Amino acid sequence: IFLECKEENSTKPAILYVACAKTAMNESSSWLIQRSKECLSLGDNEGADAWIITATSLYPDSFSVQHEVLYAQLKSGQISQAAHQLGGMFQRFSTMKELCHDVQSMLTAVSSEAADSMSERWRSLFEALDSDVQQQMLRSCAGKLLHSFLS
């Protein structure tokens, strides 16, 4: 598979190759995610999307890949897509600590009046979720917090 990210202020593309041959899934998926982040840092959103699409195609059951998709959508303001992504992740990965941390971040933003862009995006994401998904997330994370407090 051959993809490229265009370097900012350069006429030459920086060519990156996907070499997923005999490496472990986590290493390969992390490598793909890193390539996506590199493209984003260069301002190449299309290249970043291509790397993420490749990662999600090769590793659809990887939490880290799905989590990266969520953050990419959230950061780019794709709120309805991020709501769909978060709902799906919650159904598949509800036991992951990082996911509960994200729900806590979202709830903190909902209950605060912070004006920073991530807080506004977290609030918009919460509002875009179906009420059933909101309730499931609240119950699940509250239960986990209570369990960790009592342990």
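Residues numbered from 1 in each chain as written. Predicted model: local features only at pLDDT ≥ 70, side-chain atom pairs only at ≥ 80, totals over all residues. Heavy atoms only, no water.

Draft legend 1. Spatial organisation of the nonpolar core. In terms of nonpolar packing, the biggest core is built from 23 residues, with Leu 86, Leu 99, Met 106, Trp 122, Leu 125, Leu 129 and Met 137 touching the most fellow members. Those elements that provide at least two residues to this core are helix H3 (63-75), helix H4 (79-93), helix H5 (97-111), helix H6 (117-128) and helix H7 (131-150). Not counting the four nearest positions on each side in its chain, Met 106 is found in contact with Leu 86, Trp 122, Leu 125, Phe 126, Leu 129 and Met 137. Core analysis: the next-biggest nonpolar cluster, separate from the first, contains eight residues, Leu 32, Ile 33, Cys 39 and Trp 51 among them. (Core = buried A, V, L, I, M, F, W, Y, C linked by side-chain atoms within 4.5 Å. Buried < 20%, exposed > 50% of the residue type's maximum accessible area, 1.4 Å probe, protein only. Helix = DSSP H or I, 4+ residues; strand = E, 2+ residues; numbered from the N terminus. Contact = heavy atoms within 4.5 Å.)

Draft legend 2. Looking closely at the packing of H3 against H6. With their axes 10 Å apart at the nearest point, H3 and H6 run at an angle of 110 degrees to one another. Comparing their axes, H6 and H3 come out roughly perpendicular. Residues Tyr 71, Leu 74 and Lys 75 of H3 touch H6, and the partners they reach there are Met 118, Arg 121, Trp 122 and Leu 125. Here the residues of the contact of H3 with H6 are counted per class, giving five nonpolar, no polar and two charged. (Axes fitted to C-alpha atoms, helices over the stretch in contact; angles between N-to-C directions. Parallel < 35°, antiparallel > 145°, perpendicular 65-115°, else oblique. Nonpolar A, V, L, I, M, F, W, Y, C, P; charged D, E, K, R; others polar.)

Draft legend 3. Broad picture of the packing of aromatic side chains. Under the definition given, this model contains three aromatic pairs. Between Trp 31 and Trp 51, the ring centres sit 5.7 Å apart and the planes meet at 85 degrees, which makes this aromatic pair edge-to-face. Taken as a pair, Trp 31 in helix H1 (residues 25-41) and Trp 51 in helix H2 (residues 45-58) lie far apart in primary sequence, 20 residues in all. Among the residues examined, Trp 31 registers a relative accessible area of 30% and is labelled partly exposed. Where Tyr 71 meets Trp 122, the ring centres are 6.0 Å apart and the plane angle is 80 degrees; that geometry is what we call edge-to-face. Of this pair, Tyr 71 sits in helix H3 while Trp 122 sits in helix H6, placing them 51 residues apart in sequence. Judged on exposure class, the residue Tyr 71 and its partner Trp 122 are both buried. (Phe/Tyr/Trp six-rings, centres within 6.5 Å; stacked < 30°, edge-to-face > 60°.)

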